[in-house]
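The residues making up each chain are set out below.
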Amino acid sequence: MRCERLISGPARKVSVTKITEMRRMISQIQQSGKPFYSFLVGDSVFPMPDYIKYREMEALCLGKTKYTHPEGIPELREGVIADCERQGIAGFNEENVIITDGGLEALYLAFKTVCDLDSEVIVPSPYYMFYPDQVKIAGGIPKIVPTSFAQGFKLTPELLEEAITEKTKALVLNNPHNPTGAVYTREELRTLAEVAKERELLVITDEVYDKYVYEGEYICFASLDPDLREQTITINSASKRFAMSGERIGWAVGPKELISCMINLKNYTTYGAGSVAQWAVAAALEHPEHTAEEIEAAIAAYRIRRDLMLKYLDNLKLRYVRPQGAFYVFPELPDGLIIPGYEKKDLSLSEKFAFYLLEETGVAVAPGIDFGSGNHIRITFIVDEKTIKEGMEKVGNVLADLK
Ligand code: PLP
């Protein structure tokens, strides 16, 4: 049977990310035993805090391994509410919370909840690579809004205002930002909130890197003003915060009409998030003091690694916006680079450079095209210092040879 003809239109439209291709290439390098240096993925390199491990083992031993309801266990939803209160969002109850399989599922359920066939969702670019296609899968239209280097790759109220049409339903905002590392100030968020309020726009705000701020201050968007609670879905997750990305626990908080629709959709997909991991995260959110030290240690280490990475980029004279948070820096590739063997290939510079770099040196960086810019690469700076030193020396050698 020709299976290809069975694939639906929407499934065909979803892109295969370049990072996925790079991962395949990396496994080949791994199998061949050659050294490689990965700056590709954004997974915390520290283990998950001991307290969470113990609570998870306890849940397992107590047999808490059965189905949970689609909205998540009450203990974790209460933990999320307490966490919101610490972030400055008061007044939510359990009806305002859904527990999901990672922040990614929370995003998808939010898009699925608001998108009709012609609904537009504003996606500032550069963006976290899954937003546009998630909006498409949900049936909507991603309205990509380019931001500028001069503005630190941040959305401005003017750009937001210009992008709104009668079809616009929502804006997806990411703070701290992947891939640029930008962190919005209170004032910047306030001006965006004003436009959102005036134009009755839902703001889906992805704050999964909330703890990882090295300069400036993280401000939770919905905490700016009590009115925003009714027009914001705040998304967060245990993946980055507690270094437990494989356990797939995330959550969304927002207006109960929208959250109850997300819960209903979840009913038809995975039914509920993993039970044992929910108990572990519930304990972590109930007692933040038990994980604070390990999280602080990771943040301190990442700050040092970021600074080391930026020194290399400065020596290479690459242009970038200084990352204030998250795990990444997004440098621009020099103009006029010709990549040997790739001259005739119909690919963006970011792909040509990333593929060539990996083939020649075993260094993996993410092509910026996945994030909306074909002239940039995304480099994860939280890896250990030896990898940064050895990997970035190799990047420098390749750039010198290409010039
Ligand atoms: N949002 C952003 C900006 C991310 O970078 C990621 C993961 O890298 C996610 C959401 C998804 O996180 P989770 O592991 O909770 O699904």
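A short tour of the structure in this document, coming up. A quick note: this is a predicted structure, and the numbers were derived from the prediction, not measured.

**Let's talk about the overall build of the chain**
- Helix and strand content of the chain: 14 helices and twelve strands.
- For the chain, the spread of C-alpha atoms along the three principal axes comes to 60 × 60 × 50 Å.
- When each of the 403 residues of the chain is scored for burial, the buried share is 56%.
- The contacts in the chain between residues at least 6 apart in sequence include a share of 74% that link residues at least 24 apart.
- Summed over all atoms, the accessible surface of the chain reaches about 18000 Å², with 52% contributed by carbon and sulfur.
- Distance between charge centroids for the chain: 6 Å, based on 46 positive and 58 negative side chains.

**Thoughts on the pairing of strand E5 (residues 168–174)**
- Across the seven residues that make up E5, a large majority, six, are buried.
- One ladder, built from three bridges, connects strand E3 (residues 120–125) with E5; its direction is parallel. Paired with Ile122 across the two strands is Leu171, which belongs to E5.
- Pairing geometry for E5 and strand E6 (residues 202–206), over five bridges, is parallel. Directly across from Val172, in E6, lies its bridge partner Ile204.
- One crossover worth recording links E5 to the parallel E6 by way of helix H8 (residues 186–198), and it is right-handed.

**Thoughts on the packing of helix H13 (residues 349–361) against helix H14 (residues 385–402)**
- At a minimum axis distance of 11 Å, the contact between H13 and H14 shows a crossing angle of 115 degrees. In terms of their interaxial angle, H13 and H14 are classed as roughly perpendicular. As for how H13 packs across H14, the hand of that crossing is right-handed. Contact with H13, carried on its side by Phe353, Tyr356, Leu357 and Thr361, involves Lys394, Val395, Val398, Leu399 and Leu402 of H14 and no other residues of that element.
- Taken together, the residues that form the contact of H13 with H14 break down as seven nonpolar, one polar and one charged.

**Regarding the pattern of salt bridges**
- Enumeration according to the criterion identifies 23 salt bridges in this entry.
- Residue Lys266 pairs with Glu105 through a salt bridge whose shortest N-O separation is 2.8 Å. With Lys266 in helix H10 (residues 256–267) and Glu105 in helix H5 (residues 102–114), this pair connects stretches of sequence that are 161 residues apart. Judged on exposure class, the residue Lys266 and its partner Glu105 are both buried.
- Connected via shared salt-bridge partners are Asp83, Arg86, Asp210 and Arg241.

**Things to note about the site of the ligand**
- Around the ligand lies a shell of 13 residues, among which Gly103, Asp206, Tyr209, Ser237 and Ser239 are the nearest.
- Within the backbone of Gly103, an N or O atom sits 2.7 Å from an oxygen atom of the ligand.
- Separating an oxygen atom of the ligand from a backbone N or O atom of Leu104 is a distance of 2.9 Å.
- Alone, the ligand offers 390 Å² of accessible surface; in the complex the protein occludes 93% of this.
- Taken together, the elements giving at least two residues each to the shell around the ligand come down to H5 and helix H9 (238–241).
- Counting residues per element, the shell around the ligand draws most heavily on H5, which supplies three residues.

**Re the sheet that holds strand E9 (residues 328–329)**
- The sheet built from three strands is open, its strands ordered E9-E12-E11 with antiparallel pairing. At either end of the open sheet lies a strand with only one pairing partner, and these are E9 and strand E11 (366–367).
- Judged from the two bridges that link them, E9 and strand E12 (residues 377–380) form a sheet pairing that is antiparallel. Across the sheet, Tyr328 pairs through a bridge with Thr380, a residue of E12.

**Re unusual backbone geometry**
- With an omega dihedral of -15 degrees, the bond running from Asn175 to Pro176 counts as a cis peptide bond.
- Position of Pro176 relative to the elements: it lies in the loop between E5 and H8.
- For the peptide bond that leads from Asn178 to Pro179, omega is 20 degrees, which places it in the cis range.
- Looking at the element boundaries, Pro179 is found in the loop between E5 and H8.
- The residue Tyr271 is not glycine, and still its phi comes out positive at about 70 degrees.
- Its location among the elements puts Tyr271 in the loop between H10 and helix H11 (275–286).
- By relative accessible area, which is 29% here, Tyr271 ends up partly exposed.

Rules used throughout
- Residues numbered from 1 in each chain as written.
- Predicted model: local features only at pLDDT ≥ 70, side-chain atom pairs only at ≥ 80, totals over all residues.
- Heavy atoms only, no water.
- Helix = DSSP H or I, 4+ residues; strand = E, 2+ residues; numbered from the N terminus.
- Buried < 20%, exposed > 50% of the residue type's maximum accessible area, 1.4 Å probe, protein only.
- Contact = heavy atoms within 4.5 Å.
- Areas by Shrake-Rupley, 256 points an atom, 1.4 Å probe, with all protein chains shown as cover.
- Lys, Arg positive; Asp, Glu negative; His and termini not counted.
- Charge placed at Lys NZ, Arg CZ, Asp CG, Glu CD.
- Pairing = 2+ DSSP bridges.
- Right-handed = clockwise from strand over helix to strand, strands pointing away.
- Axes fitted to C-alpha atoms, helices over the stretch in contact; angles between N-to-C directions.
- Parallel < 35°, antiparallel > 145°, perpendicular 65-115°, else oblique.
- Left-handed = near helix turned anticlockwise from the far one by under 90°.
- Nonpolar A, V, L, I, M, F, W, Y, C, P; charged D, E, K, R; others polar.
- Salt bridge = Lys/Arg side-chain N within 4 Å of Asp/Glu carboxyl O.
- Near = heavy atom within 4 Å.
- Polar contact = N/O pair within 3.5 Å; in protein donor to acceptor, adjacent residues only side chain to side chain.

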